[in-house]
Amino acid sequence: MKKINQITVLVSLLLLVGPLNSIYSQEGSFNRDSIEYVIKKDGNLNDVGLPYNKTTDILRTTSPVTVITGEELSRYPTNNLMEALTGLIPGMRILKTNYEPGGSNDVSLLIRGFNYTTIVDGVERSLNNLSPDEVESVSVLRGMSARANYGYPAADGLIVVKTKRGQRGQNEISANVEYGLRAVDQNRIPRWLNAYDYATMFNKAAINDGASPDDPLDLPYSPEYLEGYRTGKNPLKYFDEDLYSQVFNNTMDYKRMNVNYGGGSESTNYFFNLNYFGEGGGYLKHKSTTYDKVSLRSNVDVDINEDFRFSLDALASIEMRKFPLDMGSVWPVLSGYPVNAYPVEIAQDTFGTHPTFSRNPVADLIKRDYRNRLDRSGQVNAGFEYNLGKYIKGLSVDAYLSYDVYNYIEISHKRNFSYAMYEPVWITTPAGTDSMYLIQYGENRPDAGAARTGDRFTSRIGGFVDLNYRNSFGKHEIWSNLNGYLQSITRQGNPIDDRRVNFSYSGNYTFDQKYYLDVIMSLTGHQNIHPDNRFKLFPTVGFGWMLSEEEFIQKISFIDRLKLRASYGTQGFYNSGNPFLYETRWRSYGNTNFEMEPGGSQVVGRQRVYVDHDGNPELGWGTLTEFDAGIDGVFFKEKISIQLDYFNMERTGYILPATVPDIIGLTNFYSNVGAYKYYGVDGSVSYKVNLGDFHYTISFNGGYNNSEVLADNLPTYQYEWLNRIGNPTDAIYGFEAIGLFEDQEDIDGSPLQTYGAVFPGNIKYADLNEDSAVTSNFDQKMIGHSNPRLTYGAQISIGYKNIGLYVMGYGMSRRDVSVQSNNYYHQDGYDKYSEYIMENAWTTDNPDPEALHPRLTTASFRNDNLNSTYWLRNAGFFKIKNVELSYTLPKSVISNFNLSNLKFFVRGANLLTFSEIKELDPENLNLGVNTYPSMRTFTGGVSLNF
């Protein structure tokens, strides 16, 4: 009965416009714009992409949206569409996290602090298969009234991508060729100590641990070895191996080529795109690591008659990766093994090793073979649009089916399953000369076979249907649509399909092009919620007021357009990745032996089971409630454009595991107990000037966001600093470091540090509850936050005649990052040392209580390995992210070659960084330490149109 009532509400809302249908109905012909909800009041304004393959004019929106064209995105030398959005969207945080060739998850993106859903041509799809050259526009829908009708996947944020389509009577061929290289940013790579400096610092660490500085026999490295490392006279005895330089070169190639062909006749529009992207060649020594991708897109629209249109879109892409075996295990070796662990190559085809440091990455590259990975993707949209205007003016229906498949296969080709390595051992002969012998580890076992080490298949099928109504009468205009979708995702190895269903009504009423009202009702369902609670209706309203249409504003000459808007709405979300939490589920836990077989000694095994989680049938939807208010303005004859927004969101009913005493007997029990608040401001401003042949545009965007825990699953603690409520959701918790111990007297006079023995130079922590002991139960508090509070971007575009210059910068501030587990900043035991540690570590000859690295040691002090303010760094930065310098040949020159455009360009990415952190890349301090290092990109190319 509950479901029937909810659906009745939706139908009733649609029928509100029913009387208007009968009064104003008249004959109508097919008009694609009417079905897509496109109205052009000003040709300089962008259309906004919406869910269900719809489009609206930006003037009609009642919530903040930002539209970026494919042409803008193509300036960035990357094949990752998300990376190309860097610095262009207010309130969007984008971090480049990896530079691995062909890395598919190398960009982290948040909108107002949240993850996002991406829709491509009306269907939830990854952006990995898209190149900027095939994109018409990207619409980022930050406000609820723009995205609410898509249901719970749009609760966090929505990015809508529309690919290019052919235009009637505009047959055109365009091509782009871009070639260049990625070069390691030498200013942002780890700088490890050579063998002499390493041995010197290791001796200092031993002295810190109690070794006598005056007794060479008490030190790990004797004067002989220090001299041998300094002179390098015998590299087979005094090893000094820079593994990074023996594994990698400093550059890799970059290639991007694209061909578009689009146009249309009286009844058919078509667009075809062929795209190639490649990188990685030349980066690895001894072996090639390459990534190549080819994709083909086809978008075709056919007018069957004046009322009926059919469309068929298809995409096929193939990605080919070739890389050596076990590259993931190379980085811990490069950043962990000391440079004097072993000689990399003792002789031709004879590789060194050490019992403690047994991995030799150079030997792996030479002796072992490749992994080949093949990723294949296919996407199809088939749909129709039917104009019912001959029956009811403004009425139309459209529907489409989608089917996507993705498959990857990874094959490991084995040349040597294992191979022998050797440890050199030096002795002094009775004659007093040095002599070396080798200890062999392992054996040579050739294996020329191949094994399938990865195989995955995913498919998605979806159906979408929309009943649309659009009409105007006098000063009144109504746009409304009733739509719904059903999607099912099947993943190989997962017995449970991911099914999604949503029905919604969207209505927009406009009066006199001054006042806009949006009403959205979303009826959404989730399979992981109990059937009694599975469907729920979520309403949203939005209001816009075009002030510039009012007489009292029109008298102000410098105001071209000015709009106020506000939206308020709710949407459901389901935050747990665990299915069926409303049911009690059991799992197998192996066998237990209970008894002997009669007359024998065989043990009988019985299967064990345990409760995975106790079901909660009352578990329901979480609810996101969002308020947004903003202003859009254009001033001084369109020289200045402004968008500014305030947002406030609350998430209630967040699913969390219950915190209960063990005596109750519950294993895992989940309920809707969490509540969080998110708020902030974001916006953009641009200024453009045309002075004859010279023109320029300066744009700036930024966003500030914060959050607060309103309720959680934790008890209320005795001490206020232990409670999470009131703190940001991205809070970092740990101990408050108050410097390093100066001497034994300082240690004796301080509260007991309960995490092992401490000595001068170890970290001292605050005793927050003043019980004379530092413990995790009482003395940890919020010490920072992981997400930036402020993100901002700036663009400058300058043109003089046919010369163009574009510069884009991006930055973020008030972002804390812990370096406690980063080998470059924190040495532990026998790990290699960095220049940072040599310059900043506490030693007996540098007993600085404010040193940036605690007491150097050859062991490991648990006390210094705790999460604390001592290891936090301000990872804010500003980067020159993208530069393009171009020259477009004059029309008078290229017209003789049947060209409509010919542009030459050079581009660069990640060119310059400003930050408090000078050693590594503040975007990701693990770059070059645990993964591929930060790189700059330099390319050149040509773009032409026929």
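These numbers come from a predicted model, not from an experiment.

### Quick word on the overall build of the protein
Of regular secondary structure, the protein possesses 15 helices and 49 strands. Relative to a compact globule of 946 residues, whose C-alpha radius of gyration would be 30 Å, the protein shows 32 Å and is just as compact. Across the 946 residues of the protein, 53% fall into the buried class. Partitioning the contacts of the protein with sequence separation of at least 6, the portion at a separation of at least 24 is 70%. As presented, the protein carries roughly 41100 Å² of accessible surface, and 55% of it is formed by carbon and sulfur atoms.

### Here we look at the environment of Phe636
Topologically, Phe636 is positioned in the loop between strand E31 (622–635) and strand E32 (640–657). Distance from Phe636 to Arg561, taken between C-alpha atoms, is 9.8 Å for residues 75 residues apart in sequence. Once residues lying within four places of it in the same chain are set aside, the contact partners of Phe636 are Phe558 and Asp560.

### Here's the deal with helix H7 (residues 195–208)
Under the 1.5 Å per step criterion, the end-to-end length of H7 is 20 Å for 14 residues, consistent within 8% with the ideal 20 Å. For H7, the full list of buried residues reads Ala195, Tyr198, Ala199, Met201, Phe202, Asn203, Ala205, Ala206 and Asn208. Turning to H7, the residues buried within the fold contact helix H8 (223–231), helix H14 (835–840), strand E44 (841–842) and strand E45 (853–855). Trailing H7 by a residue or two, Gly210 shows a phi angle of about 120°, which is positive.

### Let's talk about the pattern of salt bridges
A complete count under the given rule lists 53 salt bridges for this structure. For Asp682, the salt bridge goes to Arg112, with nearest N and O atoms at 2.8 Å. In this pair, Asp682 is assigned in strand E33 (residues 670–691) and Arg112 in the loop between strand E5 (107–111) and strand E6 (117–120), connecting sequence segments 570 residues apart. The burial state of Asp682 is the same as that of Arg112; both residues are buried. For Arg500, the salt bridge is made with Asp498, and the minimal N-O distance between the two is 3.1 Å. Across the pair, exposure class does not vary: Arg500 and Asp498 are buried alike.

### Looking at the sheet that holds strand E3 (residues 65–69)
Adjacent strands of a sheet pair through backbone hydrogen bonds, lying either parallel or antiparallel. Sheet architecture is open: five strands sit in the order E3-E8-E9-E6-E7, paired in mixed fashion. Of all strands in the sheet, those bounded by a partner on one side alone are E3 and strand E7 (123–124). In this structure, E6 lies alongside E7, joined through two bridges in antiparallel fashion. Within E7, the position partnered with Ile119 by the bridge is Glu124.

### Some remarks on the nonpolar core
Core analysis: the biggest nonpolar cluster contains 39 residues, and Tyr825 and Tyr833 have the highest contact counts within it. Of all the secondary structure elements, the ones that give two or more residues to this core are H7, H8, strand E36 (737–740), strand E38 (763–765), H14 and E44. Contacts of Tyr825, omitting those with residues within four sequence positions, involve Val819, Tyr836, Ile837, His853, Trp871, Ile917, Glu919, Leu920 and Leu925. Core analysis: the second largest hydrophobic core is formed by 29 residues, Tyr76, Leu85, Leu127 and Ile159 among them.

### Regarding the packing of aromatic side chains
In this structure the tally under the stated criterion is 54 aromatic pairs. One aromatic cluster is present, formed by Tyr198, Phe202, Tyr221, Tyr225, Tyr229, Tyr238, Tyr830 and Tyr833 through successive ring pairs. Here the guanidinium or amino end of Arg75 rests over the ring plane of Tyr806, the centre of that ring lying 4.1 Å away. Positioned above the aromatic ring of Tyr370 is the side chain of Lys287, whose terminal nitrogen or guanidinium carbon lies 5.7 Å from the ring centre.

### Observations regarding unusual backbone geometry
Located in the positive-phi region is Arg112, a residue other than glycine, with phi close to 55°. Accessibility expressed as a relative area gives 3% for Arg112, which makes it buried. The residue Asp121 is not glycine, and still its phi comes out positive at about 50°. Tracing the sequence through the fold places Asp121 in the loop between E6 and E7. Judged by its relative accessible area of 3%, Asp121 is buried.

### Describing H8
Among all positions in H8, only Leu226, Gly228 and Tyr229 are buried. Angular distribution of buried residues about the axis of H8 spans 160°; they occupy a single face of the element. Along H8, the residues that are exposed and aim more than 90 degrees away from the buried face are Pro223 and Arg230. Summarising the contacts, the buried residues of H8 are in contact with H7. One or two steps after H8, the chain reaches Gly232, where phi turns positive at roughly 65°.

### Some details on a negative patch on the surface
On the surface, Glu742, Asp743, Glu745, Asp748, Asp848 and Glu850 cluster together into a negatively charged patch. With respect to the secondary-structure elements, Glu742 resides in the loop between E36 and helix H13 (744–748).

### Here we look at the pairing of strand E11 (residues 251–264)
If a strand is regular, its side chains alternate between the two faces of the sheet. Strand direction decides the pairing type here: strand E10 (residues 172–184) and E11, joined by twelve bridges, are antiparallel. Among the inter-strand pairings, Arg182 is bridged to a residue of E11, identified as Met252. Pairing analysis gives eleven bridges linking E11 to strand E12 (residues 268–279), with the strands arranged antiparallel. Bridging from a neighbouring strand, Arg256 pairs with Phe277 of E12. Linking two consecutive strands that pair antiparallel, namely E11 and E12, is a turn of three residues.

### Quick word on the pairing of strand E48 (residues 901–914)
Both strand E47 (residues 877–888) and E48 contribute to a ladder of ten bridges, which runs antiparallel. Its bridge partner lying in E48, Glu884 is registered against Arg907. In this structure, E48 lies alongside strand E49 (residues 935–945), joined through nine bridges in antiparallel fashion. Opposite Phe905, over in E49, you have Gly941 as the bridge partner.

### Details of the environment of Lys293
By the element assignment, Lys293 lies in strand E13 (residues 290–303). In this structure Lys293 comes out as buried when scored by relative accessible area, which is 1%. Each residue touching Lys293, except ones within four places of it in the same chain, is listed here: Asn79, Asn128, Asn129, Leu130, Asn275, Tyr276, Phe277, Ser317, Ile318 and Glu319. Reaching out from Lys293, the side chain makes a polar contact with the backbone oxygen of Asn128 at a distance of 2.7 Å.

### A word on the packing of H7 against H8
Contact pair H7 / H8: the axes reach a minimum separation of 8 Å and the direction vectors enclose 155°. Classed by the angle they form, the pair H7 and H8 counts as roughly antiparallel. Contacts between H7 and H8 involve Ala195, Tyr196, Ala199, Thr200 and Asn203 on the former and, on the latter, Leu226, Tyr229 and Arg230. Residue classes in the contact of H7 with H8 are distributed as five nonpolar, two polar and one charged.

### So, the confidence of the model for the protein
Confidence along the protein averages 88 in pLDDT terms, with 93% of residues attaining 70 or more. In the predicted structure, residues 1–45 sits below a pLDDT of 50 and forms 105 contacts with residues beyond four places in sequence or in another chain.

### Quick word on the environment of Pro64
Note that Pro64 resides in the loop between strand E2 (54–57) and E3. For Pro64, a relative accessible area of 0% translates into the label buried. For Pro64 and Leu644, which are 580 residues apart along the polypeptide, the C-alpha to C-alpha distance reads 8.4 Å. The residues contacting Pro64, other than those within four sequence positions of it, are Arg112, Val140, Leu141, Arg142, Gly143, Arg565, Asp628, Gln643 and Asp645.

Rules of the game
- Residues numbered from 1 in each chain as written.
- Predicted model: local features only at pLDDT ≥ 70, side-chain atom pairs only at ≥ 80, totals over all residues.
- Heavy atoms only, no water.
- Helix = DSSP H or I, 4+ residues; strand = E, 2+ residues; numbered from the N terminus.
- Rg over C-alpha atoms; globule rule 2.2 N^0.38 Å.
- Buried < 20%, exposed > 50% of the residue type's maximum accessible area, 1.4 Å probe, protein only.
- Contact = heavy atoms within 4.5 Å.
- Areas by Shrake-Rupley, 256 points an atom, 1.4 Å probe, with all protein chains shown as cover.
- Expected span 1.5 Å × (residues − 1).
- Salt bridge = Lys/Arg side-chain N within 4 Å of Asp/Glu carboxyl O.
- Pairing = 2+ DSSP bridges.
- Core = buried A, V, L, I, M, F, W, Y, C linked by side-chain atoms within 4.5 Å.
- Phe/Tyr/Trp six-rings, centres within 6.5 Å; stacked < 30°, edge-to-face > 60°.
- Lys NZ or Arg CZ within 6 Å of the ring centre and 35° of its normal.
- Arc of directions from axis to C-beta.
- Patch = residues over 30% accessible without salt bridge, like charges linked within 9 Å, V, L, I, M, F, W, Y side chains within 5 Å.
- Lys, Arg positive; Asp, Glu negative; His and termini not counted.
- Charge placed at Lys NZ, Arg CZ, Asp CG, Glu CD.
- Polar contact = N/O pair within 3.5 Å; in protein donor to acceptor, adjacent residues only side chain to side chain.
- Axes fitted to C-alpha atoms, helices over the stretch in contact; angles between N-to-C directions.
- Parallel < 35°, antiparallel > 145°, perpendicular 65-115°, else oblique.
- Nonpolar A, V, L, I, M, F, W, Y, C, P; charged D, E, K, R; others polar.
- pLDDT = per-residue confidence, 0-100.

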